[in-house]
Amino acid sequence: MKRKYVKLVAAVLMAALLMAGCGSPGTESPGNSGAVQRKEEDNTQTAERTGTKEDIWESDPVLNEPGMEPIVKEPVTLKVVTGYDDWDDNWSVGQMKERLGVEFEWVVVPPEQFKEKLNLMLAGGETIDLVLFPLGAGSRQVISKAEEFKFAQQGLLTPLNDYIEHSSKYIKEYYDAHPEFYQDTTTPDGNIYSFQSANPAYHVSMPYKLWINTQWLNNVGMDMPTTTEEFYEVLKAFKEQDANGNGDPDDEVPFSTCTSGAGTMIDGFIMNAFTLNEPANVNAKRMRVSDEGKVEASFVDEEYREGLRFLNRLYEEGLLYADSFTQDAKTQRAVNEAGDQTRIGCLLSQGMGYLVSSLVESTRWHEYEALMPLKGPDGVRLAPQVHPSCRTKEPNGLIPASAEHPEVAFRLLDTLFAEEWVEIASYGEEGVDWREAQEGEFGADGNPAEITYISNATDREKKTMWDSNPYPVKYHTEVTVDQDPKAPEGKGHEYILYQATAKMSEYAADEKNMLPLFYYLPEENEKIATYSVTIDSYVSESIARFITGDLDLDTDWESYLDELNSFGLPDYIATIQSGYDRWVSNAR
């Protein structure tokens, strides 16, 4: 059952990646009038299909019944815009050609030009059946929900609702079983235009982690802290007692972070001992939802001020590294690796790659374990979890209104939701790239694994859809991972991340209090774009100034609040609330 669920989650992505259009009228533009006429005919056929009876599909001139292979009666070529030039050599693509009756005409656009060229092609009405965004390391290009909906309002994208309802087997089964996907992908006009990227990596669901050096704890004779005051005492001991044991009592950095990276925000882990705060929410930073469904800004409440007061205390006593507000991750790693012993006692980050320059070559990170959320002075002890909709974010497959074969492209998409096809497109070739797991092999969750990789990641990338897939398959709990946290070459890191997140889940904030990601109306998007720059920048700057003492938490707090109001914070919150209320209304 677990394996089926993971595969279907992966299918959402594969669908997003290999997605093609479905028929509905689009706004006519120069050069696409014929495509629009074809789409109107396709829509009529789709609307007439009220079921999947054999006689309906037997009479269809193009498609076979949903779930059948090949998906078409005669071969069809789909025109695909992509950022890569090697899809014809991709094994999983070859399987699609061989079994599904489709061929591909690739329109290769360099990743650095992808968004610009895509805009021109869509606006010009160029015939395109689907768009695959380049998502590989160093070449990632995506569009936002705002950009997607703008395309849709211009009549450049194809609504998928009718195809899901009438021409789907696997997508509809999945969406009906997981109705939140309807909610997250429905735009303000009521249509679905894309199947969006997802990240099933469990550890990213709780990115605000603090890694503490347990060897240092042993050296100073202290236990893992459980409260903010105990944490303070531990940091003092790290600073004063030569915690790394190298004979130099002055080279320890008790607590550090850096200016960017997953989970590195100074008001992430610590602040949640005072009040619920998600500093890197992809919709609106440091915003949350009350039990009554009201959007709130965490950075204006009294509890948040007390959290800043605690961080200021750490800074003033030299426990929080002063360079935390200016150093990047590379510099922080260099600090920790300078000398014969580790120099950092505690560090904020989602994973342990911020501790050392190489998890494969270094073993210094073996000294660290994840600290569980701390209890604050008022008993608050929370781990903010990323709302599932925020892990299913960028539109990752567009179906232009100019598609010549939208019904075929959608059927391809539907087929790729099937378990076997997710396996093909995500894992590669059975017996060559992976095999069934054997007794004694376990996944990151500690349960028996179902799949063990044979080939290395580089070889699998050439055979799967990794470069157009926003998450690596290695995060799936069904895949075998080393159960030894200190396994050589960093092979225990995946296990560590999963187990740390699982332990933190005991303190997870309620999902209903986490702000989801949703669509805004165009006029709302304009406001959000402005406010998110001015207000977020001011808040981030003020946080640093309050912590370092450049602003006083007693005498300057009211001025800080007044300034936020002058920037339009009430309207910012009201705008987010409007989008949130629409998202709630889309629930099934």
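Quantities reported herein were computed from a predicted structural model and do not represent experimental measurements.

It is worth spelling out the overall build of the protein chain at this point. Along the protein chain, the regular secondary structure elements total 20 helices and 13 strands. In the protein chain, which comprises 588 residues, the share counted as buried stands at 57%. For the protein chain, the accessible area works out to roughly 23,200 Å², and carbon and sulfur atoms hold 46% of it.

Burial within strand S1 (residues 76–82) is extensive, with six of its seven residues counted as buried. Both S1 and strand S2 (residues 102–108) contribute to a ladder of seven bridges, which runs parallel. Paired with Leu78 across the bridge in S2 is Phe104. Here S1 pairs with strand S3 (residues 130–131) via two bridges, running parallel. Counterpart to Val81 in the pairing with S3 is Val131.

A few words now on the pattern of salt bridges. When the charged atoms of two side chains with opposite charge come close together, those side chains can pair. Under the defined criterion, the tally for this structure stands at 24 salt bridges. Among the ionic pairs, Arg435 bridges to Glu441, the shortest N-O distance being 2.7 Å. Note that Glu541 is salt-bridged to Arg545, the shortest N-O span being 3.9 Å. Note that Glu541 and Arg545 are positioned in helix H18 (residues 522–548) at a spacing of four residues, about one turn of the helix. For Arg545, a relative accessible area of 30% corresponds to the partly exposed category. Bridged by salt links that share partners, the residues Glu69, Arg99 and Glu420 form one connected network.

What follows deals with the side chain of Ser167. When you line up the elements, Ser167 lands in the loop between helix H7 (161–166) and helix H8 (170–177). At 2.8 Å, the side chain of Ser167 forms a polar contact with the side chain of Arg411.

Relative to the helices and strands, Asp242 is located in the loop between helix H11 (228–240) and strand S6 (253–256). For the buried residue Asp242, which engages in no salt bridge, the nearest side chain bearing the opposite charge is Arg343, 9.9 Å off. Separated by 3.0 Å, the side chain of Asp242 and the backbone nitrogen of Gly247 make a polar contact. When neighbours within four sequence positions are excluded, Asp242 is seen to be in contact with Gly247, Asp248, Pro249 and Glu252.

Among the nonpolar cores identified, the biggest contains 59 residues, and Phe231 and Met287 are the most heavily contacted of them. No other element matches H18, which puts eight residues into this core. The residues touching Phe231, leaving out its near neighbours within four places in the chain, are Leu210, Pro225, Phe255, Ile270, Phe310, Leu314, Cys346, Leu371 and Leu374. Grouped together as the second largest cluster of nonpolar side chains are 41 residues, Tyr174, Phe410, Phe417 and Ile424 included.

Spatial ordering of the open sheet is given by S2-S1-S3, a layout of three strands whose pairing is parallel. With one partner strand each, in any of the chains shown, S2 and S3 form the two edges of the open sheet. Running at roughly 75 degrees to S1, helix H14 (residues 406–415) makes contact with S1 and S2 of the sheet.

Over its 12 residues, helix H17 (residues 493–504) extends 17 Å from the first C-alpha to the last, a length consistent with the 16 Å expected when each residue adds 1.5 Å. With nine of its 12 residues buried, H17 lies for the most part within the structure. Those residues of H17 that fall on the buried side of the exposure criterion are His493, Glu494, Tyr495, Ile496, Leu497, Tyr498, Ala500, Thr501 and Met504. Summarising the contacts, the buried residues of H17 are in contact with strand S5 (210–213) and strand S10 (368–371).

Following both chains from N to C, one finds helix H4 (residues 91–100) and helix H15 (residues 419–427) inclined at 145 degrees, their axes separated by 8 Å at the closest point. Of H15, the residues touching H4 (which contributes Trp91, Ser92, Gln95, Met96, Arg99 and Leu100) are Glu420, Trp421, Ile424 and Ala425. The residue inventory of the contact of H4 with H15, partitioned by class, reads six nonpolar, two polar and two charged.

What counts as what
- Residues numbered from 1 in each chain as written.
- Predicted model: local features only at pLDDT ≥ 70, side-chain atom pairs only at ≥ 80, totals over all residues.
- Heavy atoms only, no water.
- Helix = DSSP H or I, 4+ residues; strand = E, 2+ residues; numbered from the N terminus.
- Buried < 20%, exposed > 50% of the residue type's maximum accessible area, 1.4 Å probe, protein only.
- Areas by Shrake-Rupley, 256 points an atom, 1.4 Å probe, with all protein chains shown as cover.
- Pairing = 2+ DSSP bridges.
- Salt bridge = Lys/Arg side-chain N within 4 Å of Asp/Glu carboxyl O.
- Polar contact = N/O pair within 3.5 Å; in protein donor to acceptor, adjacent residues only side chain to side chain.
- Lys, Arg positive; Asp, Glu negative; His and termini not counted.
- Contact = heavy atoms within 4.5 Å.
- Core = buried A, V, L, I, M, F, W, Y, C linked by side-chain atoms within 4.5 Å.
- Axes fitted to C-alpha atoms, helices over the stretch in contact; angles between N-to-C directions.
- Expected span 1.5 Å × (residues − 1).
- Nonpolar A, V, L, I, M, F, W, Y, C, P; charged D, E, K, R; others polar.

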